[in-house]
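# Structure at a glance
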Amino acid sequence: MKTTIAHFDLDTFFVSCERLLDSRLNNKPVIVGGTGDRGVVSAASYETRAYGVHSGMPMKMARQLCPNAVYIRGNASTYTKFSKQVTEILQGEVPVLEKSSVDEFYTDLTGMDRFFGCYKFASELRSKIIRETGLPISFGLSINKTVSKIATNEAKPNNQIKVDSGYEKAFLAPLSIKKIPMVGEKTYRTFCNMGIKDVHTVQQMPVEMMTSVFGKNGQMIWQRANGIDHSPIIAYHERKSISNERTYGQDTTNTILLKTTITAMAENLAFQLRRGGKLTSCVTMKIRYSDFQTYSKQLKIPYTSADHHLIPVVLELFEKLFNRRLLIRLVGVRYSGLTSGTYQMNLFDDEKRTVNLYKAMDEIRIRYGDRSIMRAATMGDGAATIGNFTNPFNGEPPIVLAHRNQ
């Protein structure tokens, strides 16, 4: 039986979420990403594409190309919430789901043609997602993941394409070689130096030539250019780590600022753990210096999701890492080794009121936003713009928390 794989992709996902929250952004050029000169474009609306703006571009360049766009820092928790809505719809409808990113999904519909029709089913599923979430989404349908993904990109914006079995090579042939997954800028330049720009030329090349130029990747690129891909659908599974990073607008050695930043990140990530019913057993601290040398340290700990257990560990790792006394460009915190569970009191260190305090704080954050309540130690310079988290009170100050476990 021929496999049938559908690839769903939410169009300009972050921008679409922002437009749902504020209809005034509709039909306007919108760019979401880091707002500083060192920031990177996370998502750009189709209105900005005519100016040459694309995701992954430095924000400074995007501002030069499209100065009239609306620039938004974005909110990671908001996008996670919308992604979860789409994930739940798909999980309730399809037999096997692979979530490859926050806005990208694969599903195996093999065998459904006997009962319903895969293309009709995928079309109605797409309509359901649009109807229930308000988010535009495109899909491609074919016999494997590679062709389906490329078909989705060709279908955008907000459309769908089916590639019939046996027509994979014909569908791919006229496309640019850049449309093939695995072909980045460096590989594309190599192809251009060889006089190759379209998939059709690669399809006519012997696989041995591709291997001699690109090594093992050459064989895989050749297979994908010919519509061959045997990679299976990997059933959706919960993430095993959670992290956050901050790139400073200006490199710094200000230890107060640095500790304020990492304390705020550690606190927010701990809240994300508790909200998701998770515990962590490993803490990692990351530092990138101005010369782009990157260092990290990690420490195994007993399972926890409590701020007052995690923050001291993060600060301890920072002290061990920060020994070069060079300007720092980036800091990051990661919790890994996640498992399902809820915070348990330490028999000797914790009190019931500590647990009640966390419960009250989390209820406020869930209702009013991640940054609506925070420790006093996180209120130093630069802490108000940690990661992608924004103040939900439109400029009003958040509640500040200070207690003996701080």
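Residues numbered from 1 in each chain as written. Predicted model: local features only at pLDDT ≥ 70, side-chain atom pairs only at ≥ 80, totals over all residues. Heavy atoms only, no water.

## Considering the packing of aromatic side chains
To keep it simple, the criterion reads: Classification of ring pairs uses Phe, Tyr and Trp, with its six-membered ring standing for Trp, and accepts pairs whose centres are within 6.5 Å; under 30 degrees between planes counts as stacked, over 60 as edge-to-face, and the remaining range as tilted. In DSSP terms, a helix is any run of H or I states spanning at least four residues, a strand is any run of E spanning at least two, and both are numbered starting from the N terminus. For every residue, the accessible area (1.4 Å probe, protein chains only) is compared with the maximum for its type, and the residue is labelled buried under 20%, exposed over 50%, or partly exposed between those bounds. By definition here, charges over rings are those cases where NZ of Lys or CZ of Arg is within 6 Å of the ring centre and within 35 degrees of the ring normal.
For the coordinates displayed, the defined rule picks out eight aromatic pairs. With a centroid separation of 4.8 Å and an interplanar angle of 35°, the aromatic rings of Phe 191 and Phe 214 are classed as tilted. You can see Phe 191 sitting in helix H8 (residues 185-193) and its partner Phe 214 sitting in helix H10 (residues 207-214), a full 23 residues away along the chain. Phe 191 sits in the buried class, given a relative accessible area of 0%. We classify Phe 214 as buried; its relative accessible area is 17%. Against the face of Phe 82 rests Lys 81, its NZ or CZ located 5.3 Å from the ring centre.

## A closer look at the sheet that holds strand S6 (residues 104-108)
Rules: Two strands pair under a simple rule: DSSP has to find at least two bridges between them. For every element, the axis is a line fit to its C-alpha atoms; helices are fit only across the contacting stretch, and the angle between N-to-C directions ranges from 0 to 180 degrees.
With mixed pairing, five strands are arranged side by side in an open sheet as S5-S6-S1-S7-S8. Sheet topology places strand S5 (96-101) and strand S8 (160-162) at the edges, where each strand pairs with a single neighbour. Direction aside, the axes of adjacent strands within the sheet are offset by 15° on average. With three bridges joining them, strand S7 (residues 137-142) and S8 adopt parallel strand pairing.

## A look at the environment of Phe 318
To keep it simple, the criterion reads: Two residues form a contact once any of their heavy atoms are found within 4.5 Å.
Assignment of secondary structure puts Phe 318 in helix H13 (residues 307-321). The exposure class of Phe 318 is buried, given its relative accessible area of 1%. Ignoring sequence-local partners within four residues, the contact set of Phe 318 consists of Leu 258, Lys 259, Ile 262, Met 285, Ile 287 and Ile 328.

## Describing helix H12 (residues 255-275)
Our working rule: A helix is expected to reach a length of 1.5 Å times the quantity of its residues less one. N or O atoms closer than or at 3.5 Å make up a polar contact, with two conditions inside protein: a donor-capable atom paired with an acceptor-capable one, and, for residues adjacent in sequence, both atoms drawn from side chains.
Here H12 contains 21 residues, and its C-alpha end-to-end distance of 30 Å stays within 8% of the 30 Å for a straight helix at 1.5 Å per residue. Where H12 begins, the side chain of Asn 254 points an oxygen toward the backbone nitrogen of Ile 256, at a separation of 3.0 Å. Immediately beyond the C-terminal end of H12, within one or two residues, lies Gly 277, with a positive phi of roughly 65°.

## Re the sheet that holds strand S2 (residues 30-33)
Taken in spatial order, the three strands of this open sheet run S3-S2-S4, and their pairing is mixed. Only two strands of the sheet have a single partner each, and these edge strands are strand S3 (41-44) and strand S4 (70-72). Strand-to-strand twist across the sheet, computed as the mean angle between neighbouring axes with direction ignored, equals 25°. With three bridges connecting them, S2 and S3 associate as antiparallel partners. Residue pairing for S3: Gly 33 is matched across the bridge by Val 41. Across the sheet, helix H1 (residues 13-21) lies against S2, S3 and S4, angled at about 110° from S2, the strand it touches most.

## Details of the packing of H12 against H13
Formally: Each angle is binned into one of four classes, with values under 35 degrees roughly parallel, values over 145 roughly antiparallel, values of 65 to 115 roughly perpendicular, and all other values oblique. Left-handed is the label given to a crossing in which the near helix is rotated counterclockwise from the far helix by less than a right angle, and right-handed is the label when the rotation is clockwise. Ten residues, namely Ala, Val, Leu, Ile, Met, Phe, Trp, Tyr, Cys and Pro, are considered nonpolar, four, namely Asp, Glu, Lys and Arg, are considered charged, and the remaining ones, Gly among them, are considered polar.
Contact geometry of H12 with H13 gives a least axis separation of 9 Å together with a crossing angle of 140°. On the basis of the axis angle, H12 is oblique to H13. The element H12 and its partner H13 pack so that their crossing is right-handed. Residue-level inspection shows Leu 258, Lys 259, Ile 262, Thr 263, Ala 266, Glu 267, Ala 270, Leu 273 and Arg 274 of H12 in contact with H13, the latter providing Asp 307, Leu 310, Ile 311, Val 314, Leu 315, Phe 318 and Glu 319. A per-class count over the contact of H12 with H13 returns 10 nonpolar, one polar and five charged.

## Overview of the pattern of salt bridges
The cut-off we apply is this: By convention in these notes, a salt bridge is any Lys or Arg side-chain nitrogen within 4 Å of a carboxyl oxygen on Asp or Glu.
According to the stated counting rule, one finds 13 salt bridges in the structure shown. For Glu 98, the salt bridge identified is with Lys 145, shortest N-O distance 2.9 Å. On the criterion of sequence distance, the pair formed by Glu 98 in strand S5 and Lys 145 in helix H6 (residues 145-155) is long-range, its members being 47 residues apart. Taking relative accessible area as the criterion, Glu 98 reaches 10% and is therefore assigned buried.

## Some points on the nonpolar core
What counts, and what does not: The nonpolar core is taken to be a set of buried Ala, Val, Leu, Ile, Met, Phe, Trp, Tyr and Cys residues, with the residues joined through side-chain atoms within 4.5 Å.
By size, the foremost hydrophobic cluster in this structure holds 30 residues, and its most contacted members are Phe 8, Leu 90, Leu 109 and Leu 125. Listing elements by their share of this core, those giving two or more residues are strand S1 (5-10), H1, S2, helix H4 (76-93), helix H5 (118-133) and S7. Dropping the residues within four chain positions of it, Phe 8 is found in contact with Leu 90, Asp 103, Glu 104, Phe 105, Thr 107, Ala 122, Leu 125, Arg 126, Ile 137, Ser 138 and Phe 139. Residues Met 265, Leu 269, Leu 273 and Ile 311 belong to the second largest nonpolar core, which totals 28 residues.

## Comments concerning the pairing of S7
Applicable threshold: Orient the strands so they point away from the viewer; a crossover is then right-handed if the path from the first strand over the helix to the second runs clockwise.
Among the six residues that make up S7, six are buried, leaving the element largely enclosed by the rest of the structure. Taking every second residue as pointing to the same face, both faces of S7 are buried, with Ile 137, Phe 139 and Leu 141 on one and Ser 138, Gly 140 and Ser 142 on the other. In this structure, S1 lies alongside S7, joined through six bridges in antiparallel fashion. Bridge assignment links His 7 to a residue of S7, and that residue is Gly 140. Crossover handedness for the path S7 to H6 to S8: left-handed.

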